[in-house]
Amino acid sequence: MFFLRLYLLITFGLFCSCQSPEAVIRIAGSSTVLPVIEKAAAAYSKLHPHIRIQINTGGSGIGVNQIGLDKIDIGMISRDISVDEIQAFPKTDFKTIIVGKDAVVPVVSNEIYEQGLIELDLNTIGDIYRGKIKNWQDLGLKPNEILVIDKEASRGTRQVFMKAILGNKNARAIGVDLVLGHNNEVQTAIAQSQQAIGMLSFAWLSPEVKALAIKNIQGQSIQANLTTIKLGKYPIVRSLGLLIDVNKPLNPDVESFLNYLLSEAGQAIVRELKYIPVDA
Amino acid sequence: MLKYNKELGLQHTLALSFFVIIALPVLIFFVLLIQSKRAFLEVGLGLLSTSWFPAGQEYGILAMLYGSAVVVILALAIAVPLSLLSALALTEFVPKSLQLTIKSILEILAGVPSIIYGLLGIVILCPWLEQVFDISTGRTLFAGGLLLALMILPMMISLFEDVFSQIPHEFRDNSSSLGLNKSQIILALILPISKYPCFNIILLAMSKALGETMAIMLVIGCVDKFPNFWLPLSAGQTVTSKLGRDLGNYSFHSIEFSVMIAMALILLIPTIIFSFVLKKRELVR
């Protein structure tokens, strides 16, 4: 009898402790915007210790979905919201606040880069993803099967990249061998492999993951760097956006965090993480 | 009015628990059925295609079902003989002093979270497969099958060992006094007696393997296509991996969500069929 009462007390106690905490900002969405928000949230929490910021990733699609379902306060998105998504959530009035700019770069494994492939034009990349070019020897390198890495269909990075190389953000990429999610996963897979090509956000480049320059129609090779992105010369650029629902009254904590991100301190964080600040 | 004593209280508590346990799976089944109604009515036979492309209104789930089937069959093919033989070795040949140590290690292995297996898969298993088979990526259905086999092994060995060790020693003594040697005892006595418990254990392992999400999601390659050549050595997709990666991207009442729930419902079917068949044969014998 004692143990029964103890058990009931503990279970009841656990249920009671599940109350919603007072000041929480819930954020979820694109893995590209994630590093900025994480760093900004850490800095912001030091200034405002009573506010907790919960951050999840999952992709731009998750960001849109969760705002539509009213599960989060801010959605992270690295592409434009689509008409279907707006129609899927009629009660939500989406507003995007841009906190930075980023480029999507085609990346190849180190071994491929060192063999001399440092630039490609968008058409060729498109052919690789369509499955028309299957082997690196077709591009003049040592014979090796191309490992084509794609991302999940709802990821902002993928939609922006596909729009640039295949003309349609929802295009089916038939020649794909591997589908990954987070920018992190793509980075790992490219670094692990010796024959891979994939798409990555510019800020996620590393010594083991090399970006290709893009050859445009005039034959000029455009490397992705801060200058070319700022001047708009690099063809695959997108904005880092934060979604809120303006149908609901804006939480003052959320507004204050958004203002922080757009302030000098917030934009310094954007610059530090190798993204492009808004005013540039 | 009966006096409400401890006896009655216990009966009522047990009855309540019983009804909750029965109600839960039934409720789950009905919720899945209701959520997937839209998929079956609107997409219907379109589900039986190999092309998954929601942007083009194509909702073929065959690739995912095939992936789940291949991965589980592979896992069982590797794990069942291995675990049976290990359990037999553990009960019949390993000295008593080591038995407890080995059993404890198995229990620990069985408790390792599946994400750890997934990470080990990415870091160790997939690169190793790339080297051995000279393929461009190790993230394949084969890697998924191997990893699953690894995950269900400890649990299966532990359960088989429980079954075999519960056979009284007198039976073994009687058999050996009749002139049977060790392997004959195993084949003629131990395996036939424990036939139905063993099948139940295999069924349990199968349903555990069918439902494994986290580890499979990381090593399977997640390509929504029917694999072409060298079937297990190419990337594929399973039902659980698809649900794990993409379910959150679709809004609650959308058709894609409904098709995913339909996939989950179809995943339950093998387990239900096999358990009914097994129970019937067990009762009939």
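Parameters and conventions
Throughout this document, residue positions are counted from 1 along each chain, in the order its sequence is written. Whichever chain is written first is A, and whichever ligand is written first is 1; the rest continue in order. Reporting of local features is limited, given that this is a predicted model, to residues whose pLDDT is at least 70; pairs of side-chain atoms are given and counted only at 80 or more, and all residues count toward the totals for whole chains, interfaces and linings. The basis for every side-chain value is the complete set of heavy atoms in the structure, and neither hydrogens nor water enter the calculation. Residue ranges labeled as domains rest on an automatic or database domain assignment. Two residues form a contact once any of their heavy atoms are found within 4.5 Å. Summed over both partners, the accessible area lost on bringing two parts together, with a 1.4 Å probe, is the buried area. What counts as a salt bridge is simple: a side-chain nitrogen of Lys or Arg found within 4 Å of a carboxyl oxygen of Asp or Glu. Here a polar contact is taken to be a pair of N or O atoms separated by no more than 3.5 Å, where protein atoms must pair a possible hydrogen donor with a possible acceptor and residues adjacent in sequence count only if both atoms sit in side chains. All residues other than Ala, Val, Leu, Ile, Met, Phe, Trp, Tyr, Cys, Pro, Asp, Glu, Lys and Arg, Gly among them, are scored as polar; the first ten of these are nonpolar and the last four charged. Residue-level confidence of the predictor is summarised by pLDDT, bounded by 0 at the bottom and 100 at the top. The rule for pairing is simple: two strands pair if DSSP sees at least two bridges between them. Here a helix means four or more residues in a row that DSSP labels H or I, a strand means two or more in a row labelled E, and each is numbered from the N terminus. In this analysis, axes come from line fits to C-alpha atoms, helices being fitted only over the stretch in contact, and the angle between any two N-to-C directions falls in the range 0 to 180 degrees. Accessibility here uses a 1.4 Å probe with only protein chains present; expressed as a share of the type maximum, an area under 20% marks a residue as buried, one over 50% as exposed, and anything in between as partly exposed. Roughly parallel means an angle under 35 degrees; roughly antiparallel, over 145; roughly perpendicular, 65 to 115; everything else is oblique. In this scheme the crossing of two helices becomes right-handed for a clockwise turn of the near helix relative to the far one and left-handed for an anticlockwise turn of less than a right angle.

### Some thoughts on the domain arrangement of chain A
Residues and elements named next belong to chain A. We note that the domain assignment places domain 1 (19–100 + 240–277) and domain 2 (102–237) within chain A. On a C-alpha basis, the centroid separation for the pair domain 1 and domain 2 is 27 Å. Across the boundary between the two partners, domain 1 contributes 18 residues, which contact 19 residues of domain 2. Between domain 1 and domain 2, roughly 1,400 Å² of surface is buried when both sides are summed, and carbon and sulfur atoms account for 55% of that area. Among the residues domain 1 hides against domain 2, the three largest losses belong to R79, K274 and I276. Together they make up 39% of the total.

### Details of the interface of chain A and chain B
In this complex, chain A contributes 26 residues to the contact, which on the side of chain B involves 24 residues. Interface of chain A and chain B: buried area, both sides summed, is about 1,900 Å²; carbon and sulfur atoms make up 46% of it. Its largest share of buried area at the contact with chain B, chain A owes to A:R172, A:V179 and A:Q192, together 26% of the area lost on that side. Residue A:E152 is joined to B:R245 by a salt bridge in which the shortest nitrogen-to-oxygen separation is 3.0 Å. For the pair chain A and chain B, the number of links is twelve residue pairs in polar contact (both at pLDDT 80 or more). Among the residues making up the side of chain A that touches chain B, the classes are represented as twelve nonpolar, nine polar and five charged.

### Some remarks on the confidence of the model for chain B
Detailed conclusions should not be drawn from predicted coordinates in areas where pLDDT is low. Overall, the prediction assigns chain B a mean pLDDT of 90, with 97% of residues at 70 or greater. Scored as a whole, the predicted complex attains pTM 0.85, and scored at its interfaces, ipTM 0.80.

### As for the sheet that holds strand β5 (residues 119–121) of chain A
Residues and elements named next belong to chain A. Here we have three strands laid out as an open sheet, ordered β5-β10-β11, and mixed in their pairing. Strands with a single pairing partner mark the edges of an open sheet, and in this sheet they are β5 and β11 (221–222). Pairing between β5 and strand β10 (residues 213–215): three bridges, direction parallel. Paired with L120 across the two strands is I214, which belongs to β10. Packed onto the sheet, helix α6 (residues 122–130) meets β5 and β10 and runs at close to 85° relative to β5.

### Considerations on unusual backbone geometry
The backbone of A:D70 shows a phi angle near 60°, a positive value even though the residue is not glycine. Positionally, A:D70 belongs in the loop between α3 (60–68) and β3 (74–77). One non-glycine residue, B:Q57, adopts positive backbone phi at about 60°. With respect to the helices and strands, B:Q57 occurs in the loop between β1 (52–53) and β2 (58–59). Judged by relative accessible area, B:Q57 falls into the exposed class, the value being 60%.

### Re the packing of helix α1 (residues 6–43) of chain B against helix α11 (residues 255–284) of chain B
Residue and element names in this part refer to chain B. Between α1 and α11, whose axes approach to 7 Å, the crossing angle comes to 120°. Here α11 runs oblique to α1, going by the angle between their axes. Regarding α1 and α11, the two cross each other, and that crossing is left-handed. Two secondary-structure elements touch here, α1 through F29, L32, L33, Q35, S36, K37, R38, A39, F40, E42 and V43 and α11 through I255, F257, S258, V259, I261, A262, L265, L268 and I272. For the contact of α1 with α11, the residue count by class is 14 nonpolar, three polar and three charged.

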